[in-house]
Amino acid sequence: MRVMATNGMMRARAIAGTYVVVLAWDFQPGQEDKCDGLMGFAVERTEFKGEEIVERYWMRSIKRFRDKDRGLAPGTPVSTADHPIQSFQWADYTAHADRRYRYRIVPVYGPVKNLALDEDSAVLLDVSTEVEFLLKPDAPNDAARHDVYFNRGVIGSQAFARRFENADPKNASPKSEEMVWLSRGLYEALIAFIGLAQDERFALRAALYEFHYQPVANAFAKAVEAGVDVKIVYDGESSYKDGNEATIARAGLDQMGAVKARTVSEGIRHNKFIVLLQDGQPVAVWTGSTNISEGGIFGHSNVGHIVWDTTVAEAYLDYWKRLAENLTPTKLRPLNRAASPLPAGLPPSDSITPVFSARDEKDSSATLQWYADRMAEAEEIVCFTVAFNIDKVFQKVLNRHNDVLRYVVKDDDLGDGEIITRDRDVLFAAGGYLGSGALVNFLKERDNTLNTNDYIHDKFMLVDPLSDNPLVITGSANFSQPSQRINDENMLVIRGDTRVADIYFGEFMRIFDHHYARYLVKKLTEIGRHDPEAGYLREKSSDWVPAHFNPQSYKSKRRRYFLGN
């Protein structure tokens, strides 16, 4: 949901997903002198139930002034009315789905220990977060075509350190407090989707790479016991074979005749999708980047994406049937290209285009080039997640000099031959966490014991997500050559759905901002330029405001692009 608000002094915008509300604001043209002496902005949030106020408080942040409120323990959140936000963009990462909020953004002036809120200039935004229809079956969902569930994906974080004292979550119950916090609805939605198949009227068809999280296997077994026709094609060839088959055996799925090993050795069997059928007809599909593993669900960043569309579900069912025949990539390529052809250019508005792999010939980069061409068409913003390597077709686009903000977040640092930061409007972050003493006002964070690639496992790209016709590309494929040539993969190309784009954009910015700060600390430390006290707010407006109005600065473009017209 997108909302704009203006008054005589300010204008503001809210972009609400399910659990994130991105806020952007600026002074009105002609009010530039309001930046003189500006110490930042306070943000107040009011939550409503109907017309009744549930709660109202100044939102909190960890960044504070060095000499104000001395003695606070590291990692303590402080009120933005006392320690204002020194930016023209912020996000509320504590929102909940299906809630109505009012945000009041107030300029703050004066000396650090005697700040004054300019209440007369404050701007108000009323916005509602999106409904998770699967988890709220009583909500009207006739118009919903998608449900999107991101896990928290940040074990190494101030919130986890503060709330759970950096406890190791490995092997914890999915119902434990820390796992519920880390899942943030992803596990619950996965179990609920499987649970939609209630009896013999229903069927489930799944294609799974990692299938070794026992509670999910047990959910499939429970469906079989209820009379559901369950068939699962799983990876029976890679290093995950033993873990997959042990999990299957403990659930009894092999004895139930519910599983079929896919034993092709070329490439990897990388899908993570489930098709739901009712009375023999496909009605929905669960897909995305989430492996059926403890780390996939609760560890590194992942998304589960449901499409409530019979045409899309039928395409996935037909794809599943090809996989169930245990066909090699050579035999799959022409079939998948025919079943999921790429549009000549941009797909039509209000469309969902599935893309199935293996599809490209061994000497072809046609699909990656198509994705790169869409990236190159961006006018303002690109958001790009990379779990492993950045292919050269994307490097070429990212290295162009233009005014498009291109955000890239990757599980690890740039490797040899990965060059993407020649343009100052390309912002790169690699996954990380804060070690002991990294920033004096911050708690030590912990590593992720649930995964080997610790941080980023999402595979999605957003092109102009804040426009009226955004493009979202999401699924299981790593935007790599093998993912198009020899792997089993699936992607969705979604154009024109602002609800989907708003959810993905908020979650991307949450993930990116989290890792960007930690990446800067790491890189500056490596070259001996890191200041452990850099996490404090600035005490003079001249130390932070100018960058937001310098045409050459990405912060200036962000101020304009996020706010919109």
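Residues numbered from 1 in each chain as written. Predicted model: local features only at pLDDT ≥ 70, side-chain atom pairs only at ≥ 80, totals over all residues. Heavy atoms only, no water.

Engineer: Sorry if this is basic, but what is going on with the nonpolar core here?
Structural biologist: In terms of nonpolar packing, the biggest core is built from 57 residues, with Phe273, Tyr407, Tyr504, Phe505, Phe508 and Phe562 touching the most fellow members. The element that contributes the greatest number of residues to this core is helix α12 (residues 498-526), accounting for 10 residues. Phe193, Leu208, Phe220 and Leu253 belong to the second-largest nonpolar core, a separate cluster that totals 46 residues. (Core = buried A, V, L, I, M, F, W, Y, C linked by side-chain atoms within 4.5 Å. Buried < 20%, exposed > 50% of the residue type's maximum accessible area, 1.4 Å probe, protein only. Helix = DSSP H or I, 4+ residues; strand = E, 2+ residues; numbered from the N terminus.)

Engineer: Honestly, the environment of Lys459 in this entry has me stumped. Any pointers?
Structural biologist: On the secondary structure map, Lys459 appears in the loop between β22 (426-430) and β23 (460-463). Residues Lys459 and Ser289, 170 residues apart in the sequence, show an inter-C-alpha distance of 6.4 Å. With near-sequence residues (within four places) excluded, Lys459 lies in contact with His270, Ser289, Thr385, Ala387, Ile473, Thr474, Gly475, Ser476, Ala477, Asn478, Phe479 and Met491. Within the structure, the side chain of Lys459 is placed 2.9 Å from the backbone oxygen of His457, a separation counted as a polar contact. Engagement of the side chain of Lys459 in a polar contact is seen with the side chain of Asn478, the distance being 2.5 Å. (Contact = heavy atoms within 4.5 Å. Polar contact = N/O pair within 3.5 Å; in protein donor to acceptor, adjacent residues only side chain to side chain.)

Engineer: Whenever I open this one, unusual backbone geometry confuses me. Can you help?
Structural biologist: Across the chain, the bulk of peptide bonds are trans and the bulk of non-glycine residues have phi less than zero. With an omega of 5 degrees, the peptide bond between Ser357 and Ala358 qualifies as cis. Along the chain, the position of Ala358 falls in the loop between β19 (351-357) and α9 (366-376). The phi angle at Asp98 is positive, at roughly 55 degrees, despite the residue not being glycine. Counting through the fold element by element, Asp98 comes out in the loop between β8 (89-92) and β9 (100-109). Positioned with a positive phi, Glu165 is a non-glycine residue whose angle comes to about 55 degrees. Counting through the fold element by element, Glu165 comes out in the loop between α1 (158-164) and α2 (177-183). On the basis of relative accessibility, which here comes to 71%, the residue Glu165 falls in the exposed class.

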